[in-house]
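In case you want the letters, here they are:
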Amino acid sequence: MSIWNYVVTAHKPTNVTHSCVGNFTNPHDINLIIAKCTRIEIHILAPQGLQPMLDVPIYGRIATLELFRPHGETQDYLFISTERYKFCVLQWDTESGELITRAMGDVSDRIGRPTDNGQIGIIDPDCRLIGLHLYDGLFKVIPFDNKGQLKEAFNIRLEELQVLDIKFLYGCAKPTIAVLYQDNKDARHVKTYEVLLKEKDFSEGPWQQNNLDNGAGLLIPVPMPLGGVIIIGEQTIVYCSASVFKAIPIRQSITKAYGRVDADGSRYLLSDHAGLLHLLVITHEKERVTGLKVELLGETSAASTISYLDNGCVYVGSSYGDSQLIKLHLQPDNRGQYVEILQRFVNLGPIVDFCVVDLERQGQGQVVTCSGAFKDGSLRIVRNGIGINEQASAELPGIKGIWSLRSSTVDMFDTFLVVSFVSETRILAMNSEDELEETEIEGFVSDAQSLFCQDAIHDQLVQVTASSVRLVSAASRKLLTDWRVPTGFSIIVATANATQVFLATGGGNLVYLEIGEGSLTEVKHLEIEFDVSCLDINPIGDNSMRSELAVVGLWRDYSVRIYSLPNLEFITTLHFGENVPPRSVLLCRFEGIAYLLCGLGDGHLFNFILNMSTGELSDRKKISLGTKAITLRTFRSKNTTHVFAASDRPTVIYSSNRKLLYSNVNLKEVNHMCPFNSLSFPDSLAIAKEDLLTIGSIDDIQKLHIRAVPLGEHARRICHQEQSRTFAICSVKYSQTNIEETETHFVRLLDDQTFEVLSSYQLDTYENGCSILSCSFTDDNNSYYCVGTAYVLPEENEPNKGRILVFSVEDAKLQLVTEKETKGSVYNLNAFNGKLLAGINQKIQLYKWVLRDDGSRELQSECGHHGHILALYVQSRGDFIVVGDLMKSISLLIYKHEEGAIEERARDYNANWMTAVEILDDDIYLGAENNFNLFTVRKNSDAATDEERGKLEVVGEYHLGEFVNLFRHGSLVMRLPDSESSQIPTVIFGTVNGVIGVIASLPQEQYQFLEKLQINLVKVIKGVGGLSHEQWRSFSNERKTVDAKNFLDGDLIESFLDLSRNRMEEIATAMAVPVEELCKRVEEMTRLH
C-alpha cells in the first residue's frame, strides 16, 4: 500500500526571491543574505568571490526579508516574515556561529482579505517601527521601544484598498510612509502618511502626487540629504518630494527589481523583465535635485532582486534564470556591455515539465527539465553523483597501485605515472603528442611490485618495494641511496610524504625513516604484537612537508593506533567493535578541521574529528560506501582538497558548511586512484579498474550534477522517444520589435546525446503547444510524437479550438502524419491501451488509430466523458483514468470495453485547485494543489454502499511549501539489488522554485519507525526563528488547517546525520535504539535520492 509516504528534497530550491546586504556576521564583514523561498543563505564577500557561511531551512515561505540596525548596535539584525503571517528577528551569534532569535510572533488577523499584490514588510530607517501590509485596507505596525525590543503590534486603517507598494521615507521627524495605489478608475497615485505611534493612527503626510504613469509599480525611497522618492513606471520615471517634481520618459519596460549603489542614494540599478540592466542617476546641486538620467549597462538574467555589494560587484538574483555575481566596468567591452559575469549560480526554477530517462543506459535515471522562462529558458540534465569525463585510457590488466610523480619540486604539473603490478613496475609519461607512453626511471626497480612512490624534497623520488626503500634523483633519474630491509623480512605496507617514510615488515615491525639530501636515515624501529594492514603519515598540521602523527591499522586486532613522530610514542587506540580489519587509513583536513578516515574491508567508512595537539578523536560517524574494501586517497580540484574512496561504489568525500558529504561517482568498481595533474590533462585523476587505466577530469563536486542546454527560448513541454533516440519539446520564442513583443511557438526535435536541434515544426499564429507524448498505437509498430495544442485568441477567455498533431521521426526529421481538430485546448495526452486519451477543456476524449482505405492513418473519436470544470491533469493505469480538475480535486473514471464508454467511478468532494496528479498504486492517488499542499486519496472498492464507493477518501495530507508542476514515476539513483531501498517505489516531482523532490512509499513498519524518529527530532532540532515544524507541515488552505498525516518530512529526518554525537545519543536513548542502527536506517533513506 502506498499510504505511508516519505517526502524528501533531492535538489534544494534555487529560485532567488529576496536578497539584502549588510554587516550581519561581524561589524566588518560585508554579508549577502539570500532567500530562496523556504531557505536562507548567508554569504560573506571575500577577495575571491562569495563564500557561503550558512544555509538553513525556514519553516515557512519567506514573504519579506530586511536587514536593520537598532540604536547602539554594531551589526545588523535580520527581519523575516512568512506567507502564513509569522515573523521573526534573527541575530548572528559569533561565538557559536549560529542564528539566534531576538523576537518572533504571529501577525495574522482573524478577519481581513489577504492582499492580491503580495505581502509588504518595511522597516523605518530610524528603527522606530516595522510596517506590514498583509490585508487589504490595513497597515500593521510593530513598534520598537528605546532598547530596540519589539512591542505589541496594532493595525491602522488604510483608505487605499489596491496598494501596489509602500515604503518608509528618509529624514522625517515622524515615521512617514509613501503609498503607491490604484483607485477604482484604474488611475495610479502616491500619498504620504505620518504614523502616530501614541495615537495608533495616521495623519496627512507632507505631500502627495496624483495621476502617475498607468504602469507605475515601484517606489524607491531616496536617503538624506536628498530625500523624497522615485516612482518607476513602464514609460516614465518620476522623482518626487515635498518641493521637487522631475520626470523623464524611458523605453517601455516593466522594472522588476532595483538595487541602491551609493549610500547617499544618487545612483540605482534597475532591471527589467527582459534582463536589461540600467543605471538611474539623480543629478543634484548640493541638496537640490536637478534631474534624472538613465543609461543601459548591459544584459543579465531577468532579475527578481539586485544587491550592490562593493567595488562594482553586484549580485543579481533571478527567478527565471541563473543568478549571477557581476562586475560593472567603467568602459564597455567589444559588445558594448559594461557588465562582466564573474560567477553563475545554477537555478532550475521554474521547472515547468521534466522527463526521467536513462540516457547512459546504466540503470541510473536522469531528469531532463524544462527550466527557466522567457529568454533564460533552458533544458537541464540532472543526475545524481559526480561524472568523470574520460580523456585517455589504456588496457592494463592486474594493476596493484598507481602514483603520480613530478620531475622537480618546483614543477606545477605531474610528469610520470607509476603503475605497479604483481611482479613489475611500469612508468608512463606524457610525450609531445599528448599520449601516454612507457619510459624509464633508471634508479627505480622495474622487476618488482612497488608498494608506494612519492615526490620528496631536494628534487628526489622515493620508491618502496618489498625489499628496499630507494631514493632517486629526479633530474638524473639515478639511484642516490637505498635502505634495505634486514634479511628474512620483507616490507608489506609503506607510506611516505616529502620528508618521511613509514613502513611495516612482517611480524609487526614498524620502521620510521627520514629523507635528507641524498640520504635515508632510520630514526626509530618499534615492534608490536600484530601484523599491520595499512599506514598513513599525510601531513595535515602547519608544516605541509612533515607529519607529527602516524596512524597504523592492524589485521588481527581489528583496530587503529595513533603514534607521535619521530619517536613512535603510543597515543591512543581505536576499536571499531566490528570483526573487520581496517584496509585504509587517512589523515585529512577539510575547511580547517582535521579528520581521521578509516576504510574497512567490508565497505564501511568511519570518520572522526582529530585534535591535532593531543591526538584525541571525537564525533565518531559511520557510513556504508559499498561491500568491498575501501582505498582512500586525497586529490585537489578547484583549489580544494577532497578524498576519493575507491571500492565497488566509488565515492568522493568533501566538506560543505563544516559537514562531510558523500557523493557517488558515476563509475562501476574502482580499485585504485591517484591525482594526475599533467600539462595536457590539468586537474585530472588516473583511475584503475579491473583491466583498464583511464585518465579523466572530474565534474564539479556536488551531490547532483547539472548540465545546462541554453535554448534562448522558453521550453514548455518535453518527452523522450527511445526508438528514435530523440527528445521533442514544445517551446516559445519571444522576440521584441519596437512596437510589440511577439511570440512564436514551435515543436522541436533534439538529439538525446548532443541536444542539438535536428528539426523544427512551427505552429500557427496564436497556436500554443500544451502537451506532448511519445506513444505507439494498436496494430502499428511505429513510435509517434503526439502534440496537443490550443489557439489562444486575445478576445477569448477560454480556448475553444485546438489540434492534435501526430508526427513520425524519419531521418531525424519531424514528419506530420495526421492532424485532428478539437473543440478546445488539449491540456494533456496519455497513451491508453493502444489508443490516445486527451483532456480537452472540460471533457475527456478517447481516440483510436484507424487505417483509411488509401493506406493513410487518422485519429477517430471513440468516446468521451463530460463533467469537469477543466480537466487539466490526467493519468491512466490499465482501464482506470485519474483526473485532476482545475478546482474540483481528483476524480476516478473507468473505461468499459463492452460498451466502449468512459464512466465516473468515484471522486473527492473537497474543493482543491489541482496543480498535478499521479497514480501511486491501483488504489491510492497523489495530488498537489495551489496552496502548496500534497494529499493522497484512496478508492474504497470494498465499501458496502454505492455512495461510499463513489467517494475517494483522503488518507494523507501534508504541506510541502512548494508549488508542484508535475509528478513522474522514476528514480534518480542507481538501484543496487543488494540494498533494501531498491524495493521502495519512488515518484519524482518538480516545482516552481526549482526543487526536485522524491516521494517514496514505505512499508508500514519502516514508516512507523521513522515517524517515531521524526517526533523525537522535532523536540531536539528547533526551527530557525522559533518557527514550529508541526504548524509548517500542517495541510492548510483557505478553508481548513489540519495536522499532517501519513507523510514524513525526509529533510528533517535526514538532518539527524548532521547532529553532534551527543544529540544523536540523546535521540537514540529516547527511541531505545543504538546510534549505529539509527544512522544506518537514516542513511538507507538518503540513498533514495
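(A) Geometry of the overall build of the protein. Looking only at helices and strands, the protein features six helices and 87 strands. For the protein, whose C-alpha radius of gyration is 33 Å, the value lies close to the compact-globule estimate of 31 Å for 1089 residues. Oriented by its inertia axes, the alpha-carbon framework of the protein measures out at about 100 × 85 × 65 Å. Evaluated residue by residue, the protein yields a buried proportion of 57% over its 1089 residues. Partitioning the intrachain contacts of the protein with sequence separation of at least 6 by distance along the chain shows that 50% fall at a separation of at least 24. With an accessible surface of roughly 45700 Å², the protein has 47% of that area assigned to carbon and sulfur atoms.

(B) Looking closely at the side chain of R128. Summarising the element assignment, R128 is placed in the loop between β10 (120–123) and β11 (129–133). Separated by 3.2 Å, the side chains of R128 and D126 make a polar contact. From its side chain, R128 meets the backbone oxygen of C172 in a polar contact 3.2 Å long.

(C) Representation of the pairing of strand β37 (residues 436–439) in the model. One ladder, built from four bridges, connects strand β36 (residues 425–430) with β37; its direction is antiparallel. In the strand pairing of β37, I427 is matched with T439. Counted along the chain from β36 to the antiparallel partner β37, the turn is five residues long, and its residue D434 has a positive phi close to 60°.

(D) Representation of the pairing of strand β79 (residues 924–929) in the model. Within β79, six of the six residues are buried, which leaves it mostly tucked inside the rest of the structure. Alternating residues of β79 divide into I924, L926 and A928 and Y925, G927 and E929, and every residue in both groups is buried. Inspection of the sheet shows strand β78 (residues 914–919) paired to β79 by five bridges, in the antiparallel sense. Residue pairing for β79: I919 is matched across the bridge by Y925. Following β78, the chain reverses through four residues before pairing antiparallel with β79. Where β79 lies against strand β80 (residues 933–939), six bridges are found, and the strand directions are antiparallel. If you follow A928 over to β80, its bridge partner there is L934. Connecting β79 to the antiparallel partner β80 that follows it, the hairpin turn spans three residues, and F932 within it adopts a positive phi of roughly 70°.

(E) Highlighting the packing of aromatic side chains. This model, assessed by the stated rule, comprises 25 aromatic pairs. Ring centres 4.8 Å apart and planes at 20° place the aromatic pair Y193 and F202 in the stacked group. Relative accessible area serves as the criterion here: at 5%, Y193 is assigned to the buried category. Taking the relative accessible area as the measure of exposure, F202 reaches 12% and is therefore buried. Where F832 meets Y895, the ring centres are 5.7 Å apart and the plane angle is 80°; that geometry is what we call edge-to-face. With F832 in strand β70 (residues 826–832) and Y895 in strand β76 (residues 890–896), this residue pair connects regions lying 63 residues apart in the sequence. One aromatic cluster is present, formed by F68, Y77 and F144 through successive ring pairs. Directly above the ring of F746 sits R748, whose terminal nitrogen or CZ lies 4.0 Å from the centroid. Between the NZ or CZ atom of K939 and the centre of the ring of F880, over which it lies, the distance is 4.2 Å.

(F) The sheet that holds strand β48 (residues 559–564), seen in detail. Taken in spatial order, the four strands of this open sheet run β46-β47-β48-β49, and their pairing is antiparallel. Here the strands that pair on one side only, and so sit at the sheet edges, are β46 (532–536) and β49 (569–575). For this sheet, the mean angle separating the axes of adjacent strands, direction not counted, is 20°. The pairing of β48 with β49 spans six bridges and is classified as antiparallel.

(G) Looking closely at the nonpolar core. Ranked by internal contacts, the top residues of the largest apolar core, which has 83 residues, are Y6, I40, L78, L934, F967, L1013 and F1056. Considering each element in turn, this core owes the most residues, six residues, to helix α2 (residues 1004–1020). Those residues in contact with F967, other than ones at most four positions away along the chain, are A916, V917, E918, L926, G927, A928, L934, V987, I988, F989 and I999. The next biggest cluster of nonpolar side chains, apart from the first, holds 29 residues, and it includes W403, F416, F444 and A456.

(H) Structural detail: the sheet that holds strand β57 (residues 659–664). The antiparallel open sheet is built from four strands, whose spatial order is β54-β55-β56-β57. Looking at strand neighbours, the two that pair on one side only are β54 (631–637) and β57, the edges of this open sheet. With strand direction ignored, the average angle separating the axes of adjacent strands in the sheet is 30°. In this sheet, β57 lies alongside strand β56 (residues 651–656) in antiparallel orientation, the contact comprising six bridges. Among the inter-strand pairings, S656 is bridged to a residue of β57, identified as K659.

(I) The environment of I609, seen in detail. Mapped onto the fold, I609 is located in strand β52 (residues 604–610). A relative accessible area of 26% means that I609 is categorised as partly exposed. Distance in space between the C-alpha atoms of I609 and A594 is 6.0 Å, their sequence separation being 15 residues. If near-sequence neighbours (up to four positions away) are discounted, I609 is found in contact with I593, A594, Y595, E616, L617, S618 and D619.

Calculation criteria
Residues numbered from 1 in each chain as written. Predicted model: local features only at pLDDT ≥ 70, side-chain atom pairs only at ≥ 80, totals over all residues. Heavy atoms only, no water. Helix = DSSP H or I, 4+ residues; strand = E, 2+ residues; numbered from the N terminus. Rg over C-alpha atoms; globule rule 2.2 N^0.38 Å. Buried < 20%, exposed > 50% of the residue type's maximum accessible area, 1.4 Å probe, protein only. Contact = heavy atoms within 4.5 Å. Areas by Shrake-Rupley, 256 points an atom, 1.4 Å probe, with all protein chains shown as cover. Polar contact = N/O pair within 3.5 Å; in protein donor to acceptor, adjacent residues only side chain to side chain. Pairing = 2+ DSSP bridges. Phe/Tyr/Trp six-rings, centres within 6.5 Å; stacked < 30°, edge-to-face > 60°. Lys NZ or Arg CZ within 6 Å of the ring centre and 35° of its normal. Axes fitted to C-alpha atoms, helices over the stretch in contact; angles between N-to-C directions. Core = buried A, V, L, I, M, F, W, Y, C linked by side-chain atoms within 4.5 Å.

Geometric descriptors of this kind do not, in isolation, establish any biological role.
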